[in-house]
Amino acid sequence: MFHLIFSIPSWYVIARFVFPLAMPLMLKIILSVLVMLASQYLLISRFTAGGIFSPEMPRALTILFNWAFGAVLFLALLQLLIDAVALFSLLIRHPLEITPAVRYLAALIAMVLATTGVHQAIRVPPVKDVTIRIKNLPGEFEGYQLLQLTDLHITKLFNAAWAAKMVERAISLNADLIVVTGDVIDGTVQNRREDVEPLRHLHAPDGVFAITGNHEYFFEQQRWTEHLASLGLQPLLNSHVIIKRGDAGLVIAGLPDASASRRHAVGPDLAKALEGAPENAPVILLDHQPRNARSNALQKVDLQLSGHTHGGLIVGLDRLFAKPNGGFVSGLYPVDGMQLYVNNGTALWPGMAVRLGRPSELTRITLKRQE
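One structure accompanies this document, and this report is about it.

Conventions used here
- Every chain begins its residue count from 1, and numbering advances along the sequence as written.
- For this predicted model, a pLDDT threshold of at least 70 governs which residues receive local features, and a threshold of 80 or more governs which side-chain atom pairs are given and counted, while totals over whole chains, interfaces and linings are taken from all residues.
- With hydrogens and water excluded, all non-hydrogen atoms of the structure serve as input to the side-chain values.
- A pair of aromatic rings is counted whenever rings of Phe, Tyr or Trp (Trp by its six-membered ring) have centres within 6.5 Å, and the orientation is called stacked for planes under 30 degrees apart, edge-to-face for over 60 and tilted otherwise.
- Secondary structure is summarised from DSSP: a helix means a run of H or I of at least four residues, a strand means a run of E of at least two, and numbering begins at the N terminus for each.
- Burial status follows relative accessibility: with a 1.4 Å probe on protein chains alone, a residue under 20% of its type maximum counts as buried, one over 50% as exposed, and anything between as partly exposed.
- Helices are assigned an expected span. That span is 1.5 Å times one less than the residue count.
- Regarding the arc, it is the one traced by the directions from the helix axis to the C-beta atoms.
- Residue contacts are counted whenever heavy atoms from the two residues lie within 4.5 Å of one another.
- N or O atoms within 3.5 Å of each other form a polar contact, as long as, within protein, one can give a hydrogen and the other can take it, and as long as residues adjacent in sequence are counted only when both atoms are side-chain atoms.

## Description of the packing of aromatic side chains
Argument step 1. Enumeration according to the criterion identifies six aromatic pairs in this entry.
Argument step 2. Look at Tyr 41 and Phe 65: their rings are 5.2 Å apart centre to centre, the planes differ by 20°, and that puts the pair in the stacked class. Of the two residues, Tyr 41 sits in helix α3 (residues 41-45) while Phe 65 sits in helix α4 (residues 59-91), which places them 24 residues apart along the sequence.
Argument step 3. Arranged with centres 5.3 Å apart and planes meeting at 70°, the rings of Phe 141 and Tyr 144 form a pair that is edge-to-face. Side by side, Phe 141 and Tyr 144 carry an identical accessibility label, which is buried.

Below you can see the structure in the form of structure tokens.
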């Protein structure tokens, strides 16, 4: 069913774009096969060593597949728009002739959009500066800076070379603290050991802390937690640390991903994570998925940092991500007295590496006191 859904844009393109073209039948069949092949990247991935979540295929081939699927998706949307305009013209009795030039222009636009979308998805992200005001922030933490990384999905696509450039840019920002809010990897420790090695160089004065995302539970979560800890990413799983400035404190708490209990692992327990935390200190919570933000807000969390949604990937289609994530997709939200920041992601899952209008980000968060 999953692969059938992904094939729907291809079927539409074949029926409404390819076959109406004035060209030999054999060429139409060849184009149709290529269009259908573009939609089946995930099915083909299942037969690689890493499977659907971590296709162990050359990086260039992964990029090509994502570009081809993106081109088919955008062409399907443009063809749908063309058909809607044609239908409307029939209804008002002023039929329009859809010339071959219009179809070729739609194909060109789709390819340009796919090229832009893949480039935005796989680049080392730019810095995004976000200021968040917290009502009980001690003066000692005025201007305190956190760097949030999330959804790195280190794979054959986001490999060691990409990770090294990302780390270099991250540490150049000189944040006080670095937090990694899940989905660091896709793949086994054996397959990804070299690709994650650059993370060893992440450092900040107050440390580097990480939680699990749902993808860690697809691949040896416990081994990954231990291996990433050996690289300096200290795990915060139902636990917290207190950052001190003189007598003032800032609580950084972390939860395992909401899917953990379904994977026979310890699930999130916010009460346990905050056990023993000072009552007068602001609480920043790391929770990979944003969908539990309302319940987290009831436990005196001041700021929740999440990822998981990849920002919805494409403007306009991002609303498809809203319902399964509690209505939270991208950016800053007020939630019952708590603030929630949903990061678009440092990278994304290579199964859908296309972005338009929802750029990846290295998120530098500056804390200010809310008067």
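## Looking at helix α6 (residues 160-171)
Argument step 1. Helix length check: α6 (12 residues) gives 16 Å between terminal C-alpha atoms against 16 Å at 1.5 Å per residue, within 8%.
Argument step 2. For α6, the complete set of buried residues consists of Trp 162, Ala 163, Met 166, Val 167 and Ala 170. The buried residues of α6 occupy an angular sector of 130° when the element is viewed end-on, so they sit on one face. In this structure, α6 carries Lys 165 and Glu 168 as exposed residues pointing more than 90 degrees from its buried face.
Argument step 3. On its buried face, α6 is in contact with α5 (100-122), β2 (145-149), α7 (189-196) and β12 (362-369).

## Details of the environment of Ser 54
Argument step 1. Locating Ser 54 in the fold gives a position in the loop between α3 and α4.
Argument step 2. Separated by 16 residues in sequence, Ser 54 and Ala 38 have C-alpha atoms that sit 18 Å apart.
Argument step 3. In this structure, Ser 54 is in contact with Thr 48, Thr 155, Asp 186, Gly 187, Arg 192 and Phe 219, ignoring residues within four places of it in sequence.
Argument step 4. Among the polar contacts made by the side chain of Ser 54, one reaches the side chain of Glu 56 at a distance of 3.0 Å.

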